[in-house]
Amino acid sequence: MAFLLSLSPNPPLNPKLSSPNTPFPTSPIKTLTTKRQSIVNTASFCIIFLAQQNPVPQSLAEASTPSKPALNIANTKSWFQFYGDGFAIRVPPEFEDIMEPEDFNAGASLYGDKAKPRTFAARFASTDGSEVLSVVVRPTNQLKITFLEAQEITDLGSIKEAAKIFVPGGATLYNARTIKIKGDEGFKTYYFYEFERYDQHVALMATVSSGKAIISGATAPITKWDDDGVKLRSAAISLTAL
C-alpha cells in the first residue's frame with residue numbers, strides 16, 4: 001500500500017523534473033468554475049491512497065544523514081488554528097476552506113449502508129487555488145498490514161521504511177527527518193518529508209495516534225515554492241495530534 005500525492009490522469013511514463021508539465025496558472029482566477037477546476041487540479045496532488053508498490057527514493061539516504069540544517073519555517077502562532085477529529089493544524093493567512101458538503105456528509109450511513117470514508121479531513125487553498133493544504137486520517141492497517149494496532153508512527157517502520165508509504169515512486173526527495181513534539185503525554189514522533197514530483201513541490205508531515213495515521217500535505221507548483229515554500233512547509237509542520 002503506497003501513499004501517493006498524485007492522481008492526475010495520464011501522467012508521463014518517465015517524468016523529468018527538469019522539464020515539468022504545464023505550470024498551474026499564477027494569475028487570479030476570474031470565474032468560480034475556473035477557480036474550482038484549478039483547486040481540483042491541485043487537489044489531485046493532495047493526499048490520496050493507491051495500491052501500488054514503490055521503491056524507497058534513492059535520495060532518501062542522503063536526506064537522512066545525521067547532520068542536517070534546521071528547517072526554515074515561520075512562526076505560525078498568529079495563524080488560524082483548525083481543529084479536526086483528533087488533530088489540529090495552522091492555516092496560512094488568506095487560505096480558504098474548500099471542503100465540499102459531500103466531504104462532510106461522507107462517513108454518515110443510512111439504513112445500514114456501509115459508510116463511505118471521507119477523502120479529506122480538512123482542506124484549504126490559496127485564493128487562486130494553486131496552493132493546497134490538506135489533512136487525511138486513515139486507519140494504519142490501510143497503510144501497512146499488521147496484526148497489531150499501530151500506536152506510534154515508528155510502528156510503521158523507520159523513516160526510510162515509511163517512505164514506501166508516504167513518498168511516491170519517481171519523486172525527488174529533498175528532506176526526510178524525524179521530529180519529536182512535546183505534548184500532554186510526553187513526546188510524540190512525527191515523520192517529515194519534502195519532495196518534488198512532476199511539476200509539484202510537496203511538504204508532508206505524518207504521525208500515528210490510536211491506530212490512525214494523520215497526514216498533512218502542503219503542495220504548490222515548483223515555480224511558486226521559492227516564494228511560498230516557507231509558508232507551506234510551516235503549515236504542514238504545524239500538524240498536531242490531539
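Where an unreviewed UniProt entry is consulted, the protein appears under the name Photosystem II reaction center PsbP family protein, with the organism given as Hibiscus trionum.

(A) The arrangement of the overall build of the protein in detail. Within the protein one finds five helices and twelve strands. Per element, the accessible surface of the protein, about 12900 Å² overall, is 53% carbon and sulfur.

(B) Focus on unusual backbone geometry. The backbone phi angle of Glu94 is positive, close to 75°, even though this residue is not glycine. Note that Glu94 resides in the loop between strand E4 (87–91) and strand E5 (96–97). When its relative accessible area of 68% is taken as the criterion, Glu94 is described as exposed. The phi angle at Tyr198 is positive, at roughly 55°, despite the residue not being glycine. Mapped onto the fold, Tyr198 is located in the loop between strand E9 (186–197) and strand E10 (200–209).

(C) Main features of the environment of Phe195. Along the polypeptide, Phe195 turns up in strand E9. With a relative accessible area of 0%, Phe195 lands in the buried category. Residues Phe195 and Thr219, 24 residues apart in the sequence, show an inter-C-alpha distance of 9.9 Å.

(D) Representation of helix H5 (residues 222–237). With 16 residues, H5 should cover 22 Å at 1.5 Å per step; its first-to-last C-alpha distance of 19 Å lies more than 12% under that length. Along H5, the sharpest kink reaches roughly 85°, centred on Asp228. Residues of H5 that are buried: Lys224, Trp225, Asp228, Gly229, Leu232, Arg233, Ser234, Ala235, Ala236 and Ile237. On its buried side, H5 packs onto E4, strand E7 (132–139), E9, E10 and strand E11 (212–221).

(E) Inspection of the confidence of the model for the protein at higher detail. Here the protein shows a mean pLDDT of 77. Residues at 70 or above account for 65%. Below a pLDDT of 50 lies the segment residues 1–33, which in the model reaches 82 contacts outside its immediate sequence neighbourhood of four places, other chains included. Here residues 61–66 scores under 50 on pLDDT; set against residues more than four positions off or in separate chains, the count is seven contacts.

(F) View of the nonpolar core. Core analysis: the largest hydrophobic core is formed by 27 residues, its most contacted members being Phe82, Phe87, Phe124, Leu133, Val135, Phe192 and Met205. Among the secondary structure elements, those contributing two or more residues to this core are E4, strand E6 (122–125), E7, E9, E10, E11 and H5. Residue contributions to this core peak at five residues, all from H5. Aside from chain neighbours lying at most four places away, what touches Val135 is Phe87, Ile89, Phe120, Ala121, Ala122, Ile214, Ile215 and Ser216. By size, the runner-up hydrophobic cluster in this structure holds 22 residues, among which are Ala163, Ala171, Leu173 and Val202.

(G) View of the sheet that holds E4. Spatially, the three strands line up as an open sheet ordered E3-E4-E12, and their pairing is antiparallel. Lying at the two open borders of the sheet, with one neighbouring strand each, are strand E3 (80–84) and strand E12 (240–241). Summarising the sheet, E4 and E12 pair through two bridges and their orientation is antiparallel. Bridging from a neighbouring strand, Ala88 pairs with Thr240 of E12.

(H) Representation of helix H4 (residues 159–166) within the structure. Here H4 has its buried residues at Ile159, Ala162, Ala163, Ile165 and Phe166. Relative to the axis of H4, the buried residues are bounded by an arc of 155° and lie together on one face.

(I) Representation of the sheet that holds E5 within the structure. Taken together, seven strands build an open sheet; the order of strands is E5-E6-E7-E11-E10-E9-E8 and the sheet is antiparallel. Unpaired on one side and paired on the other, E5 and strand E8 (172–183) mark the two borders of the sheet. Pairing between E10 and E11: ten bridges, direction antiparallel. Note on E11: the bridge partner recorded for Leu204 is Gly217.

(J) Structural detail: the pairing of E9. A large share of E9 lies buried, amounting to ten of its twelve residues. Between E8 and the antiparallel strand that follows it, E9, lie two residues. The pairing of E9 with E10 spans seven bridges and is antiparallel. Its bridge partner being in E10, Phe192 is matched across the sheet by Met205. Counting the residues that bridge the hairpin from E9 to E10 gives two residues, and of these Tyr198 lies at a positive phi of roughly 55°.

Rules behind the numbers
- Residues numbered from 1 in each chain as written.
- Predicted model: local features only at pLDDT ≥ 70, side-chain atom pairs only at ≥ 80, totals over all residues.
- Heavy atoms only, no water.
- Helix = DSSP H or I, 4+ residues; strand = E, 2+ residues; numbered from the N terminus.
- Areas by Shrake-Rupley, 256 points an atom, 1.4 Å probe, with all protein chains shown as cover.
- Buried < 20%, exposed > 50% of the residue type's maximum accessible area, 1.4 Å probe, protein only.
- Expected span 1.5 Å × (residues − 1).
- Bend = angle between axes of the 7 residues up to and from the residue.
- Contact = heavy atoms within 4.5 Å.
- pLDDT = per-residue confidence, 0-100.
- Core = buried A, V, L, I, M, F, W, Y, C linked by side-chain atoms within 4.5 Å.
- Pairing = 2+ DSSP bridges.
- Arc of directions from axis to C-beta.

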